[in-house]
Amino acid sequence: GAAGRDDSRVGTRIATSLFTGDPVGSQVVTGDDRAAVRFAGAWRLLSCETRDSAGQVQYPFGERPGGQLLYDGAGNMSAQLGRTNRPRFAARDPALGTDAEIRDAFGGYIAYFGTYSIDESRQAVTHHVVGASFPNWVGIDLVRHYTFDESGRLRLATPPIEVGGRSLEYVLLWERI
């Protein structure tokens, strides 16, 4: 969490509300607490697209990606997403994958976990990465701009990211499970 902030207090109130049915609103709740209540839970990936500076849209994990995003009331998070049609390895042993199989499997799947913080004034959630399938993400912060639509779906968008020599914005749409 943020320096000097007692995240356990926030998590305890949110978890108590989620599991007992007591409304969080009946307690003293700060802006960050209200945002955390909206995020807390499990989310299923509906779409993942990239947009370049010219507005061209691509689907890096296919038009029907798979994924799950978890936020708990104590400030922990994890994310997994990828292609749902990744080919299986010829061998049943993951240690016996060919270089091509391993490259394809890695390129079609991303996973990371850590903690998160919310800045409502910027409509940004920051994932503080502790572990990741892409080792360069370990120990860094991944900022995602968020909106919730009228049906409660969560839209996360990255700032422009350099990928393969191109500047891309990733836009992901999640629905609560």
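Up top you'll find the structure we're talking about.
Overview of the structure.

About the cut-offs
- Sequence order sets the numbering: in each chain, residues are counted from 1 along the sequence as written.
- With pLDDT at 70 or above as the cut-off, local features in this predicted model cover only qualifying residues; side-chain atom pairs require 80 or more to be listed or tallied, and sums for whole chains, interfaces and linings still use all residues.
- Computation of side-chain values covers all heavy atoms of the structure but excludes hydrogens and water.
- Only DSSP runs of H or I covering at least 4 residues are called helices, and only runs of E covering at least 2 are called strands; the numbering of each starts at the N terminus.
- Throughout, exposure labels follow a simple rule: accessible area from a 1.4 Å probe, protein chains only, divided by the maximum for the residue type, with under 20% read as buried, over 50% as exposed, and the rest as partly exposed.
- Throughout, a contact is declared for two residues whenever any of their heavy atoms are within 4.5 Å.
- All accessible-area figures derive from a Shrake-Rupley calculation using a 1.4 Å probe, and residue coverage is judged against the displayed protein chains alone.
- If DSSP finds at least two bridges between two strands, the strands pair.
- Nine residue types can take part in a nonpolar core, namely buried Ala, Val, Leu, Ile, Met, Phe, Trp, Tyr and Cys, and a core is a set of them joined through side-chain atoms within 4.5 Å.
- Here a salt bridge means any side-chain nitrogen of Lys or Arg lying within 4 Å of a carboxyl oxygen belonging to Asp or Glu.
- Only the six-membered ring of Trp is used, alongside the rings of Phe and Tyr, when aromatic pairs are assigned; centres must lie within 6.5 Å, and planes under 30 degrees apart are stacked while those over 60 apart are edge-to-face, with the rest tilted.

## Brief notes about the overall build of the protein
Then comes step 1: In terms of regular secondary structure, the protein is built from three helices and ten strands.
Then comes step 2: For the protein, the succession of helices and strands along the chain, N to C, is α-α-β-β-β-β-α-β-β-β-β-β-β.
Then comes step 3: Residues classed as buried in the protein amount to 32% of the 177 residues present.
Then comes step 4: Contacts in the protein between residues far apart in sequence, at least 24 positions, make up 46% of those at least 6 positions apart.
Then comes step 5: By element, 53% of the accessible surface of the protein is carried by carbon and sulfur atoms, the whole surface being about 10,300 Å².

## What about unusual backbone geometry?
What is expected of a backbone is that most residues other than glycine have negative phi and most peptide bonds are trans.
Then comes step 1: If you check the backbone angles, Gln 123 has positive phi at about 50° while not being a glycine.
Then comes step 2: Turning to its location among the elements, Gln 123 is positioned in the loop between strand 5 (109-119) and strand 6 (124-132).

## Remarks on the pairing of strand 10 (residues 166-176)
Then comes step 1: Where strand 1 (residues 41-52) lies against strand 10, nine bridges are found, and the strand directions are antiparallel. The residue of strand 10 that forms the bridge with Thr 50 is Tyr 170.
Then comes step 2: As defined by bridge partners, strand 8 (residues 154-157) adjoins strand 10 across four bridges and the pair is classed as antiparallel. Across the sheet, residue Ala 157 finds its bridge partner in strand 10, namely Val 171.

## Side note on the nonpolar core
Side chains of nonpolar character tend, in soluble globular proteins, to be buried together.
Then comes step 1: Counting residues in hydrophobic clusters, the biggest one holds 27 residues, and the most contacted among them are Phe 39, Leu 69, Tyr 71, Tyr 146 and Leu 154.
Then comes step 2: Tyr 146 has contacts with Ala 35, Phe 39, Ile 118, Asp 119, Glu 120, Gln 123, Ala 124, Val 125, Leu 154, Arg 155 and Leu 156, leaving out every residue within four places of it along the chain.

## Regarding the pattern of salt bridges
Side-chain pairs of opposite charge can arise whenever the charged atoms involved come near each other.
Then comes step 1: One pass over the full model with this rule turns up six salt bridges.
Then comes step 2: Note that Glu 175 is salt-bridged to Arg 44, the shortest N-O span being 3.0 Å. One end of the pair, Glu 175, is in strand 10; the other, Arg 44, is in strand 1, and 131 residues separate them in sequence.
Then comes step 3: The salt bridge involving Arg 122 is made with Asp 119; its shortest N-O contact spans 3.7 Å.
Then comes step 4: Relative accessible area serves as the criterion here: at 26%, Asp 119 is assigned to the partly exposed category.

## Focus: the side chain of Thr 126
Then comes step 1: Note on placement: Thr 126 falls in strand 6.
Then comes step 2: According to the relative accessible area criterion, Thr 126 is buried, its value standing at 11%.
Then comes step 3: Not counting the four nearest positions on each side in its chain, Thr 126 is found in contact with Thr 115, Tyr 116, Ser 117, Asp 141, Leu 142 and Val 143.

## Quick look at the packing of aromatic side chains
Then comes step 1: Within this structure, the stated rule accounts for eight aromatic pairs.
Then comes step 2: Linked through ring pairs, Phe 39, Trp 43, Tyr 71, Tyr 116, Tyr 146 and Phe 148 together constitute an aromatic cluster.

## Overview of the pairing of strand 4 (residues 76-82)
Then comes step 1: Strand direction decides the pairing type here: strand 3 (residues 66-71) and strand 4, joined by six bridges, are antiparallel. Bridging across to strand 4, Leu 70 finds its partner in Ser 78.
Then comes step 2: Following strand 3, the chain reverses through four residues before pairing antiparallel with strand 4; Gly 75 in that reversal takes a positive phi of roughly 95°.
Then comes step 3: Sheet topology note: the strand 4/strand 5 ladder contains seven bridges and is antiparallel. When the bridges of strand 5 are listed, Gln 80 appears paired with Ala 111.

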